[in-house]
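# Observations on the three-dimensional arrangement
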Protein chains: 4
Amino acid sequence: MKSIDNRPQWKKKLYEIIYEADTPMGKIFDIVLLVLIVFSVALVMLESITHLHVKYYWEFFIAEWVITIFFTIEYIARIVVIKRPKSYIFSFYGIVDLLSTVPSYLGFFMGGKNLFFAIRALRLLRVFRVLKITRYVGESNKLMIALQKSKAKILVFLFAVFIICIITGTLMHLIEGKAGGFTNIPISIYWCIVTLTTVGFGDIAPITPLGRLLASLLMIVGYGIIAVPTGIVGAEYSKATDESIADNTQVCPHCNEDQHLADAEFCHNCGNKLNE
Amino acid sequence: MKSIDNRPQWKKKLYEIIYEADTPMGKIFDIVLLVLIVFSVALVMLESITHLHVKYYWEFFIAEWVITIFFTIEYIARIVVIKRPKSYIFSFYGIVDLLSTVPSYLGFFMGGKNLFFAIRALRLLRVFRVLKITRYVGESNKLMIALQKSKAKILVFLFAVFIICIITGTLMHLIEGKAGGFTNIPISIYWCIVTLTTVGFGDIAPITPLGRLLASLLMIVGYGIIAVPTGIVGAEYSKATDESIADNTQVCPHCNEDQHLADAEFCHNCGNKLNE
Amino acid sequence: MKSIDNRPQWKKKLYEIIYEADTPMGKIFDIVLLVLIVFSVALVMLESITHLHVKYYWEFFIAEWVITIFFTIEYIARIVVIKRPKSYIFSFYGIVDLLSTVPSYLGFFMGGKNLFFAIRALRLLRVFRVLKITRYVGESNKLMIALQKSKAKILVFLFAVFIICIITGTLMHLIEGKAGGFTNIPISIYWCIVTLTTVGFGDIAPITPLGRLLASLLMIVGYGIIAVPTGIVGAEYSKATDESIADNTQVCPHCNEDQHLADAEFCHNCGNKLNE
Amino acid sequence: MKSIDNRPQWKKKLYEIIYEADTPMGKIFDIVLLVLIVFSVALVMLESITHLHVKYYWEFFIAEWVITIFFTIEYIARIVVIKRPKSYIFSFYGIVDLLSTVPSYLGFFMGGKNLFFAIRALRLLRVFRVLKITRYVGESNKLMIALQKSKAKILVFLFAVFIICIITGTLMHLIEGKAGGFTNIPISIYWCIVTLTTVGFGDIAPITPLGRLLASLLMIVGYGIIAVPTGIVGAEYSKATDESIADNTQVCPHCNEDQHLADAEFCHNCGNKLNE
C-alpha cells in the first residue's frame, strides 16, 4: 500500500466517487446504482411474463440497453480508475459486474436470449456491494460463526438424511410401484426429500396401505430430526453470543476474576476498581 | 396533567365508564363492548357465506346497522367526554374506532359493499383495548424484547432468503419452462417461497429431473436454514429471561444498582459490599 | 385412610389383582387388559374398512361383544371391590372405563352404530392406567412444567396468530374471490391457518398475482414466527431442567455455598464436607 | 490379542491393504472400493428408470456382474485374511458385505429381480466403513449423547402424538365420511400424521366446515408441539456441549475427579485443594 500513487487527479476523484461513499457525490452515485440494479432485476422478472413481453416489447428493449450501456461504462470506469486493475477484474465483484453486462451482448448477437436470463438475475448480487451493510455486519458475523461451528455437525446430519432418503426411496418404489407416481428410484428419493423436509407437494403420494405406513414412519422421523439442526444452531449461536460478550469484558487486576457485567466498574468479587 | 379539569360532572362519570374498568358500570360497559365486537366480526364472516347471505339477508342487514349505530354513538361519546379530543381522534385506537363505523355508511351510500369488507374486519383490533391484557403484558414484553433484539439478525436472514428465492426462481423458470407451471419468473419466485418455507401447496411442482434435483437442494437448504431464526429467537429469549432473573437478585444498598451477577459479593458499580 | 377396612377377604384379594401390579396375578391381569385394549382399538379401526367389514362381519361382531362383556365385568368388579365406589365412578378413569362399554350396548339397541365409533376409540385412553408409566413420569413432569410455564406466552402468541389469520383471510377473500377457492371468509381463514402452519394442502391456492404476493408475505411471516414458540418452550424446558438439578443439590453448612454438582461430597468453595 | 499370529506373510500384507488405510496400497484400495460402492448404488437407481433399462440393458447387465464379482472376491478375501473369520462374518459389516453380493445371484437364478432391489441399495451402508469418519466422530458422538438423553422424552412425546392422531383420525372419519377421502380410520390416522407433521400432501383434505374446523385445531396443535422436541434436543445438546467444556477445566491432583464447576477451588469429591 506504500507504493507511490501516480494516478492523475481525475482518476483519484472518480475513484472516490465510484468506490467510496464518504463524499456527497459518492453517496449519490451509490443510490443511483442501487436503483438501477433493483430496476434491472425487476425488468428481468417482468420481461419473463409473456403478455407484458409482447405488449411492451420496445420499452423492455430500450430499458435493457440503457442499463446494459450504463453498466458497461461503469465497469470500464472501475477498471480505469483503480490502481491495480487485475485485483478488481478477478475479484468476486469484478466477475459479477462483468456478468451484468455480457449476457445482454451475447443475447443480442447470438439470439438465444433465454439462456442468459439466469445470469442477468445475478445482477442482484451487486446490491451487496452498494449496501455496504455496516450496521448488520456484526450480526451476520455472529450468524456466520454459529453456522461455521455447526458445519461439521450439519454435514453429519445431512449425510444421515441422504442415506435415509435413498433407502426409503428404494423401498417406496418397490411398495408403491408406478401407480402412485413412484416411477423409478430417483423420483422416489425426490419424494422422500419432499416428505422429510415437510414440504409435501402432493403431486406424488402413496396410495397403498403399506406405502402409507412407511410414509407415516418417515414423516414422524422427519418431524423428530427437524429438531436436531435447530437445536445445534441454537446452541452454537447462543455460545457465539456468550463468547462475544466475554470478549468485551475485563479481568480484575486484583483478584483476576474475569466474569464481569459489560458495564461493571468495580470487581464484584474483591470490590476493587477495574481498569485503574 | 396539571391543567384544571373543567368538564361537567356527567362527562367525568361517563369518562370513567367508557375509558376505565374499575367501577361496576365500567366493567359492564367493557363486557358489552367485547361481546358486540366479537359478534360484529362473526357477522362479517358469516355474511360472506353466500347461501347464508341470501337466506338471512334482512337479519344481517338489521344486525349490521344496530352495531354500526352503537359504534357511532360510542365513538361520538368517546370524543365528547375526553378532555383533549384530538389526542384520542388521532391515536391508533381512535382511528380503529372510526374505521369500525365509516365502511358501513360508505357501503350504504356508495354501493360497492365488498370494498369495505376488509376494513370492517379490522374491528377485531378493538378487542385489544377492551382486554387490557394486564396478565400477559409481562409475557409479551419479554417476547417483544426477544423479537426486537433479533430484528437485525432476522432482517439479514430474510434478505438472504429473498436472494436465494430470486436466483433459484429464475433457474427453475429456465429449467422447467411453462409445462410444470413455472410460467414466468415472479411465479417461480412465488413457488420458491412456498417451497423454502416448507408450505408446499403442490399447485406448481417441478416435473423434469433437473428441476427436481434443484428443488431437492432448495428444500434441504430450506430445512437447514429453518434452524437459524429459531435458534436466534430462542437464544435471545433465553437471554431476556436470564436478565429479568438477574433483576430478582440483589440491589446495592449504596448506589441502588440492581444488575448484579448471581454470585456477586461487591457492587460492580460503586465497589461497596452487597448485603451488609 | 384410617377408617376400618371391613371388606371381606376375597374383595381385598381381587382389589390387589385389579388395581395393583405388585403380585404375579396383578401383573398377568394388567398384561391381559393391555392386550385387550390394544386389540379392541385395532378392531374399531379395521371395522371401518368397508371390504373387511363386509367380509368378516360375524368375526367382528363376536370379537366386539367378547370385549364389551369382559370390559363390563371388569367395570362392575372395579366398583364392587373398591372401598369407596363413588371415588372411582366419578374419577377420570372411571368415566373412561364406562365409556368403553356403553357405546356397544347403545349401538346394539338403538342402531346408529356410527355415532358411537369415536367414543369406542377412547378405549385407548385406558392404556395410560395399565402402563403406569413410572419410568417416564419424571420426564413428562419436566415437559409439563415447561409447557405450563410457557402457557401464558403461547396464548399471547396464538391470539396474535388468530388475528393475523382473520385479517389475512378477509383480504384473501376480497383479492382472490371465488375462482381460487376462497369462497367465503371462514374458508379463507382456514386456508390462512393451513398456510401459516406450513401444512399447505394445496386444495385451495391463490391464482392472482396480488393474492400470491400476499400469500408469500404470510408464508415468510409464518416461517419467522415458527421460531417463537420453539424458542419459548426450549428456553423454559432448559430452565425446568436446571431448576430440577438445583433442587437436588445441597447447601454447604460451612460457607453456605449452594451451587454444587449433583454428586458433590465436599464443598468446592471452602473444602469442608457437605452433609456432616 | 496375545494369541500367536501364525498367518502367512501374504495374508498379513493383504489384511493391511483391505482392513487398514495407513499404507499407500490400503488407501488406493479404499478409494477404489468407495468409487465402486457409489457407482453400484447409482447403477441400482438408474436401472429403475424404465427407458434407460430398456435402452442400456446389456450395459447394466455387465456392470452389475462386474461389481458383484468384485464384491464377491473382496468378501472371500476378507474372510481368508482375517485371524478369526467368525468375528467378521457375524459382525454388522460382515452381513452388509454379504448382502451386497447375494441379491444379484438370487436374482439371476430365481428371476424375481425386483424383490432384491431394496437389499442391493443397502450397499450404500458400506460407505460408512470406508469413510472411517474420524473427523466427524467427535461431533456425531455429541449428537448421539444429546439424542440418547432425549430418548425417553421423545418417546413420551411420540406416544402423545400417536394418541392425538388416533382420536382425531376417528373423529375426522365420522365427520368427513367417504366424500373427502377419509374412507376408513387407518386412512384418517394417516391423514392426521401427514397434517400434524406439517407435510400436508393434499391428496386427502377436509371439505366440510366442521372437518375444516377440527383440522385447523389439529394444525395449530401441531404447530405448537413442533416446539417440544426441538426445545428438548436443543437443551440436551446444549448441556452435552457444556459438560464437555467442564471436562476441559481441572482434574483433582488427589483423586483424579475431573468434573468440577468452572469456579471450584476445592475438589468436591475428596475435599483437597485444586491447583496447588
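Residues numbered from 1 in each chain as written. Chains lettered and ligands numbered in written order. Predicted model: local features only at pLDDT ≥ 70, side-chain atom pairs only at ≥ 80, totals over all residues. Heavy atoms only, no water.

As annotated in an unreviewed UniProt entry, chain A carries the name Ion transporter and is attributed to Zunongwangia endophytica. The Subcellular location (unreviewed entry) field of the UniProt record for chain A holds the comment "Membrane". (UniProt positions renumbered as here; feature names shortened; annotations may be inferred.)

### Let's talk about the overall build of chain A
Helix and strand content of chain A: 13 helices and 0 strands. Of the regular secondary structure in chain A, the N- to C-terminal order runs α-α-α-α-α-α-α-α-α-α-α-α-α. Taking all contacts inside chain A whose residues are at least 6 apart in sequence as the whole, residues at least 24 apart take part in 55%. For chain A, the exposed area adds up to about 14000 Å²; of that, 69% sits on carbon and sulfur atoms. (Helix = DSSP H or I, 4+ residues; strand = E, 2+ residues; numbered from the N terminus. Contact = heavy atoms within 4.5 Å. Areas by Shrake-Rupley, 256 points an atom, 1.4 Å probe, with all protein chains shown as cover.)

### Looking at the UniProt feature "transmembrane region" (unreviewed entry) in chain A
Residues and elements named next belong to chain A. What UniProt calls "transmembrane region" (unreviewed entry) maps, in this numbering, to residues 28-50, 56-76, 88-108, 152-175, 187-206 and 213-235. What you have in residues 28-50 is 91% helix and 0% strand, and the ends, taken at the C-alpha atoms, are 35 Å apart. Secondary structure within residues 56-76 divides into 95% helix and 0% strand; the distance between the first and last C-alpha atoms comes to 30 Å.

### Thoughts on the pattern of salt bridges
Within this structure, the stated rule accounts for 12 salt bridges over all chains. For A:Arg78, the salt bridge identified is with A:Asp97, shortest N-O distance 3.8 Å. Of this pair, A:Arg78 sits in helix H4 (residues 57-81) while A:Asp97 is found in helix H6 (residues 92-99), placing the two residues 19 residues apart along the sequence. Of the two residues, A:Arg78 and A:Asp97, both sit in the buried class. Here A:Arg212 makes a salt bridge to D:Asp203, at a shortest N to O gap of 3.9 Å. Pair noted here: A:Arg212 is in helix H12 (residues 209-225) and D:Asp203 is in the loop between helix H11 (185-196) and helix H12 (209-225), and the two residues belong to different chains. The class for A:Arg212 is buried, based on a relative accessible area of 13%. Exposure remark for D:Asp203: the relative accessible area of 35% places this residue in the partly exposed category. Connected through shared salt-bridge partners, A:Glu74, A:Arg78 and A:Asp97 make up one network. (Salt bridge = Lys/Arg side-chain N within 4 Å of Asp/Glu carboxyl O. Buried < 20%, exposed > 50% of the residue type's maximum accessible area, 1.4 Å probe, protein only.)

### Notes on the nonpolar core
Counting 203 residues, the largest nonpolar core has A:Trp191, B:Trp191, C:Trp191 and D:Trp191 as its most contacted members. Excluding anything up to four places from it in sequence, C:Trp191 contacts B:Phe201, C:Met172, C:Phe182, C:Ile204, C:Ala205, C:Pro206, C:Ala215 and C:Leu218. (Core = buried A, V, L, I, M, F, W, Y, C linked by side-chain atoms within 4.5 Å.)

### Looking at the side chain of D:Ser48
Relative to the assigned elements, D:Ser48 resides in the loop between helix H2 (24-47) and helix H3 (50-55). Classification of D:Ser48 by relative accessible area gives buried; the value is 7%. For D:Ser48, the side chain forms a polar contact with the main-chain nitrogen of A:Ile185, separated by 2.7 Å. (Polar contact = N/O pair within 3.5 Å; in protein donor to acceptor, adjacent residues only side chain to side chain.)

### A word on the packing of helix H4 (residues 57-81) of chain D against helix H7 (residues 102-110) of chain D
Residue and element names in this part refer to chain D. H7 packs onto H4 with a crossing angle of 130 degrees between their chain directions and a minimal axis gap of 9 Å. Viewed along their axes, H4 and H7 adopt a mutual orientation that is oblique. Two packed elements cross with a definite hand, and for H4 against H7 that hand is left-handed. Residues Phe 61, Glu 64, Trp 65, Thr 68 and Thr 72 of H4 form the contact with H7, whose own contacting residues are Ser 104, Tyr 105 and Phe 108. Residues of the contact of H4 with H7, tallied by class, amount to 4 nonpolar, 3 polar and 1 charged. (Axes fitted to C-alpha atoms, helices over the stretch in contact; angles between N-to-C directions. Parallel < 35°, antiparallel > 145°, perpendicular 65-115°, else oblique. Left-handed = near helix turned anticlockwise from the far one by under 90°. Nonpolar A, V, L, I, M, F, W, Y, C, P; charged D, E, K, R; others polar.)

### A look at the side chain of B:Thr198
With respect to the helices and strands, the residue B:Thr198 is situated in the loop between helix H11 (185-196) and helix H12 (209-225). Other than its neighbours up to four places away in sequence, B:Thr198 contacts A:Thr197, A:Thr198, A:Val199, C:Thr198 and D:Thr198.

### Considerations on the packing of aromatic side chains
Residue and element names in this part refer to chain A. Enumeration over the complete set of coordinates arrives at 35 aromatic pairs over all chains. Relative to Phe 61, the ring of Tyr 57 lies with its centre 6.4 Å away and its plane at 20 degrees, an arrangement referred to as stacked. Taken as a pair, Tyr 57 and Phe 61 lie in helix H4 at a separation of 4 residues, close to a single helical turn. Taking relative accessible area as the criterion, Tyr 57 reaches 39% and is therefore assigned partly exposed. Following the ring pairs from residue to residue traces out a cluster consisting of Tyr 57, Trp 58, Phe 61, Trp 65 and Tyr 105. (Phe/Tyr/Trp six-rings, centres within 6.5 Å; stacked < 30°, edge-to-face > 60°.)

### Side note on the environment of D:Ser188
Residues and elements named next belong to chain D. Its location among the elements puts Ser 188 in helix H11. When the C-alpha positions of Ser 188 and Gly 169 are compared, they lie 4.6 Å apart, and in sequence the two are 19 residues distant. Not counting residues within four places of it along the chain, the set of residues in contact with Ser 188 comprises Gly 169, His 173 and Phe 182.

### Observations concerning helix H6 (residues 92-99) of chain C
Residues and elements named next belong to chain C. Within the sequence span of H6, burial applies to Gly 94, Val 96 and Asp 97. All buried residues of H6 fall inside an arc of 165 degrees around its axis, so they share one side. Sitting at the head of H6, Ser 91 places a side-chain oxygen 3.1 Å from the backbone nitrogen of Gly 94. (Arc of directions from axis to C-beta.)

### Things to note about the environment of D:Ser100
All names here are of chain D. Among the secondary structure elements, Ser 100 is positioned in the loop between helix H6 (92-99) and H7. Separated by 10 residues in the primary sequence, Ser 100 and Phe 90 have C-alpha atoms spaced 15 Å apart. Non-local contacts of Ser 100, meaning those with residues more than four positions away in its chain, are made with Phe 71, Arg 123 and Arg 126. Among the polar contacts listed, one links the side chain of Ser 100 to the backbone oxygen of Val 96, at a separation of 2.9 Å.

### A word on the confidence of the model for chain A
Residues and elements named next belong to chain A. Predicted confidence across chain A gives a mean pLDDT of 76, with 69% of residues reaching 70 or more. Per-element averaging of pLDDT across chain A places helix H13 (residues 227-248) at the bottom with 60 and helix H11 (residues 185-196) at the top with 91. Complex prediction metrics read pTM 0.78 and ipTM 0.74. (pLDDT = per-residue confidence, 0-100.)

### Brief notes about the state of the cysteines
Following the criterion strictly, the structure yields 0 disulfides over all chains and no others. Between A:Cys165, a free cysteine, and A:Cys192, which holds the nearest cysteine sulfur, the sulfur-to-sulfur gap is 5.2 Å. (Disulfide = S-S within 2.5 Å.)

### Digging into the packing of helix H2 (residues 24-47) of chain C against helix H4 (residues 57-81) of chain C
In helix packing, the relevant descriptors are the interaxial angle and the interaxial distance, both defined with respect to the helix axes. Residues and elements named next belong to chain C. The interhelical angle for the contact between H2 and H4, taken along N-to-C directions, is 140 degrees, at an axis separation of 11 Å. As far as their axial angle goes, H4 and H2 are oblique. As for the relative orientation of H2 and H4, their crossing is left-handed in sense. Of the residues in H4, those in contact with Phe 29, Leu 33, Leu 36, Ile 37, Phe 39, Ser 40, Leu 43, Leu 46 and Glu 47 of H2 are Phe 60, Ala 63, Glu 64, Ile 67, Phe 70, Phe 71, Glu 74 and Arg 78. For the contact of H2 with H4, a count of residues per class yields 12 nonpolar, 1 polar and 4 charged.

### Section: the environment of D:Glu64
All names here are of chain D. As for its position among the elements, Glu 64 is in helix H4. Taking the C-alpha atoms as reference points, Glu 64 and Met 25, separated by 39 residues in sequence, lie 25 Å from one another. Excluding anything up to four places from it in sequence, Glu 64 contacts Leu 43, Glu 47, Ser 104, Arg 120 and Arg 123.

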